[in-house]
Amino acid sequence: MSAAGTSATGSHEAHSRLADTPRLAVEQASYAYSPTRRQIPTFTLGATSFQARQRELVAILGPNASGKSTLLQLIAGSLAPLSGRVLLDGIEIGSLDARTRAQRIAVVQQHAPLVFPAIAGEFVLQGRHPYGRALHLANEEDVTLAQNALAQVGAEHLADRRMDQLSGGEKQRIILARALAQQPLLLLLDEPTLHLDIGAQVELLERLRRLAEENRYTVIVVTHELALAAEFADQVVLLHRGKCLRVGTPAAVYQRELLEQVFEAPLEIEAGPAGRPRVSLRSRQADIARPDSADNRTRG
Amino acid sequence: MRPLTLRRVLWTCALLAGVLFAVCVAALKLGAVPISVSDLIVSLARVAIGRSDQLPLDYRLIVFDLRLPRIVLGALVGAALSVAGAGYQALLRNPLADPYVLGVSSGSALGAVLALQFAPQIAFATPLGAFVGAILTITGVYYLGRREGQLDSTTLLLAGIISASFLSAIIMFLMTTLASRDLRGMAFWLMGDLSTPLAPNLRWFFLVALVVGIGAIYTTSADLNLLVTGEREAMHLGVDVTRVKLVVYVAASGLTALAVSASGAIGYVGLLVPHAMRFLFGSDYRLLIPASALGGAIAVVLADTLARTIIAPTELPVGAMTAIAGAPLFIFLLRRSMR
Amino acid sequence: MQVTDDLGRTIEVPQPVRRIVSLAPNLTETVFALEAGDRVVGDTSADDFPAAAKSLPHVGDVLAPSLEEIVALHPDLVLATNDLNRRATVEALARMGFAVYVTHPQSIDDVLNSTAQIARLIGAGPRGDAVIAGMRERLDALAKRLSGVPPRRVLFVVWTEPLMSVGKHTFLADALSRAGAQSVVDIADGWPQVSFEYVLKLQPEYLVFAGSLRDANAPPEEQLSKLPGWRDLDAVRDGKIAVVSSAIDRPTPRMVDAIEELARLLHPEVFAPGAAAGGGAALIAPETSTEACLACAR
């Protein structure tokens, strides 16, 4: 167990960081979901806790159906926890009204195709909605902030283009820009790398890191990409079938047996540069050649 | 980046209002009995200064008792249907939604058939029956279209389509078994018919209800822009999705009920006018709602004028005209938008 | 002059009536029969009798006349019938201050009464009385001839697909009974759609068609034998098909001609000598209207 890992209930390290109160505190938050009112809740997220600071990028990591999206929705405030609470700058997210919440938390989700034509610039301006009144017509400040947001994702040249004419990656940058226009404290992304190739994935994560740093965001990314999380996350929350198994730095969380159990795949973990673990698939050929390896013993 | 400004909204509305005015003047002028524009101006002026008795009886009757009420009714109905259509398209996130997809017109038609059958002598029985039928359908479909306590787009659409089919089947059953000749008028009504003006005491109710309905939807227009990008997305941007969906559902359905009670089910207007306005002015609902209202008024008055004059002296029902003009227009818009 | 029409509406008719607009073919015919045809200033496109009616200015068709055209003709009186015209049309005209008289004949007597009313309204009282007296005389004579003769059970066919006949409380049913016939369809009102099995079970003695339904080229029994199921009717097999002038369906003085003709076809034995031959061929009545004339072609 690495010293950099934190247990679920808090530790001395947390108390010593007085000047740096956690922006986000998830305290024993859990959730149960039932499709109809009468059925027994089928899907649960067990009590989960972690904290995140400004400029930090947290990866909620786990295979499919591990409760990652549920945890994200709890943090976003669109679901109320069954028990426990989620605090943003010390205030319970559930107690905020929708407008204030939208001014502090921005969510980037998997996006369905748009039914009506939309212009990219107008789409980004929608991010200013939580700050407007009545018809929410954009003022100068809104326009400036929207343009800044576009600049921050490198898409100023796309402002007058139609959304349905953009590539997948360009569309995603516009969607991200809309979230940035909200000027949030917390930026949440649900599996943003799903349809991107590796180059675009890396570009996105680098951009997120940069944005977190420049704009002092707390960025939370839900993903199942082990390598990306290892490379870019400051903190990893590992989920498996609704249970939070481990919270900590990538190095602390990426223990081979643990990960193999969670992802049900043969893996190889090595130490990489800057203390970040490097994950790779373990070759089966190598297994057969080493009959008395540790893995064979575990599998027996 | 050119965000929508209040100026642009007002100028667009002014432009459309101008077109509407021109169309209305043409509609007043044209008809089986031609009236020159100068005669028209004189007639209007005479009425305005209270000397209507100096008008030849013909002009007074034709212009003020026949054409003007028809034009006003057509404009109001067109506005109601187009805003309702735009509202439903946002609520259901479906560009093929029209005001009748949720069954309002079928319930209304059933109410009208029953009224015609059981109370044919009472003048306002038909619009009243139609309105009651519409309200009952709106309520029923609302309860069927909920999921986990709030309106769900898919469930709502299904509930509406099924209700519409079911109610239409009942109407067909009634029309074949009730062999009453009074139902002859139903065919006109079902296709949309502006020749029966509203009873005077209903006119103010209609106007107020129209303004309230369009106003209610307009207050949610900024929210609707977000809603069409996705419900979760809108929620995360601070939109009270449950409330907005309810307001739009009630207002759009109410507008449809008003329109159908007054003039039967005029087709294609609620579907096409919003699309035409999007094509011309963009998809922003803050502009789309007033543009659709004015565009719808123009469309119906235009269609009705054509229906009255194309094979004069026989009058086509206005719904037949909107259907004839609507289909090619739809194809044109479809192809343009695909480019 | 204040009168109440067949729908119970009380209307004020300005006197004298110089300009009449008629919205139904039978009403136009009636006015011409009252020798007031020169005062008809507008009729519908469906009006075809007498020939002069066809060249009058048309205000549109029966269901959707142009209200503007009617207004422009400045009628003193507008005639309409509940059977053909829409109530909306009547109410719109009434709202604008026009006197609209609506007929709703449910029996032959109703037809006679409304003809008398209309005659009074337009100041053709004496002529009206004469016409009606003549009709009554002929109908009474017919009734005398047919007294004691059991009525024939008939099916009056309005339309074949779907099969539509005529209900009890209509003037057409009354016309049939005065011609010595009884409709097998026992349904109350209007124009009921009946199922073919129902007719097959009842096996009417005669089928009666109004002239407009036949095809000028083929005799009726040939046409009918082509329709499925009709062959099984005794009436078709025995050729007991009566085709009469469509005037039987139009409440005008000509109606009486059609009733007499039908009586002749159904009860030839009562009209000897000089009656038309019965038997294997379909019985066609000599036409007195200007419609498609099958008998003339033969």
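Residues numbered from 1 in each chain as written. Chains lettered and ligands numbered in written order. Predicted model: local features only at pLDDT ≥ 70, side-chain atom pairs only at ≥ 80, totals over all residues.

(A) Region of the structure containing the confidence of the model for chain A. Model confidence for chain A is summarised by a mean pLDDT of 86, while 86% of its residues fall at 70 or above. Within the model, pLDDT remains below 50 along residues 1-19 of chain A, and this stretch shows 16 contacts once partners closer than five positions in the same chain are excluded. (pLDDT = per-residue confidence, 0-100. Contact = placed C-beta atoms within 7 Å.)

(B) Representation of the interface of chain C and chain B within the structure. With 24 residues of chain C at the interface, the matching set in chain B holds 23 residues. Looking at the side of chain C that touches chain B, the elements that each hand over two or more residues are helix 3 (67-72) and helix 4 (87-95) of chain C. Element by element, the count of residues in the side of chain C that touches chain B is highest for helix 3 of chain C, at 5 residues. When grouped by side-chain class, the residues that make up the side of chain C that touches chain B number 11 nonpolar, 5 polar and 8 charged. (Helix = DSSP H or I, 4+ residues; strand = E, 2+ residues; numbered from the N terminus. Nonpolar A, V, L, I, M, F, W, Y, C, P; charged D, E, K, R; others polar.)

(C) The arrangement of the sheet that holds strand 5 (residues 77-81) of chain C in detail. Residues and elements named next belong to chain C. Within the open sheet, the 4 strands sit side by side as 4-3-5-6. Their pairing is parallel. The sheet is open, and its two edges are formed by strand 4 (40-42) and strand 6 (100-103), each paired on a single side. With direction set aside, neighbouring strand axes in the sheet form an average angle of 30 degrees. Looking at chain direction, strand 3 (residues 20-22) and strand 5 are connected through 3 bridges and run parallel. In the sheet register, valine 21 faces strand 5, and the bridge partner there is valine 78. Against the sheet, helix 4 touches strand 5 and strand 6, its axis set at about 155 degrees to strand 6. (Pairing = 2+ DSSP bridges. Axes fitted to C-alpha atoms, helices over the stretch in contact; angles between N-to-C directions.)

(D) View of the sheet that holds strand 3 (residues 57-61) of chain A. All names here are of chain A. On the basis of which strands lie adjacent, the open sheet formed by 6 strands has the order 6-7-8-3-9-10 and mixed pairing. One side of each edge strand has no neighbouring strand; the edge strands of this open sheet are strand 6 (105-108) and strand 10 (243-248). Ignoring strand direction, the axes of neighbouring strands in this sheet form an average angle of 15 degrees. Sheet analysis places strand 9 (residues 235-240) next to strand 10, joined by 5 bridges and oriented antiparallel. Each residue of the ladder has a partner; that of histidine 240, found in strand 10, is lysine 243.

(E) Representation of the interface of chain A and chain B. Listed per partner, the contact involves 28 residues of chain A and 26 residues of chain B. When contributions to the side of chain A that touches chain B are tallied by element, the ones reaching two or more residues are helix 3 (98-104), helix 4 (120-125) and helix 5 (140-152) of chain A. The greatest single-element share of the side of chain A that touches chain B, amounting to 4 residues, is contributed by helix 3 of chain A. When grouped by side-chain class, the residues that make up the side of chain A that touches chain B number 18 nonpolar, 7 polar and 3 charged.

(F) Representation of the environment of valine 77 of chain B within the structure. Residue and element names in this part refer to chain B. Among the secondary structure elements, valine 77 is positioned in helix 3 (residues 57-91). A tally of 30 C-beta atoms within 10 Å means that valine 77 is categorised as buried. A C-alpha to C-alpha distance of 7.7 Å links valine 77 and valine 300, two positions 223 residues apart in sequence. (Buried ≥ 20, exposed ≤ 12 C-beta atoms within 10 Å, placed from the backbone.)

(G) Spatial organisation of the environment of alanine 88 of chain C. All names here are of chain C. In this fold, alanine 88 is placed in helix 4. The exposure class assigned to alanine 88 is partly exposed, which follows from the 18 C-beta atoms found within 10 Å. Taking the C-alpha atoms as reference points, alanine 88 and leucine 63, separated by 25 residues in sequence, lie 9.8 Å from one another.

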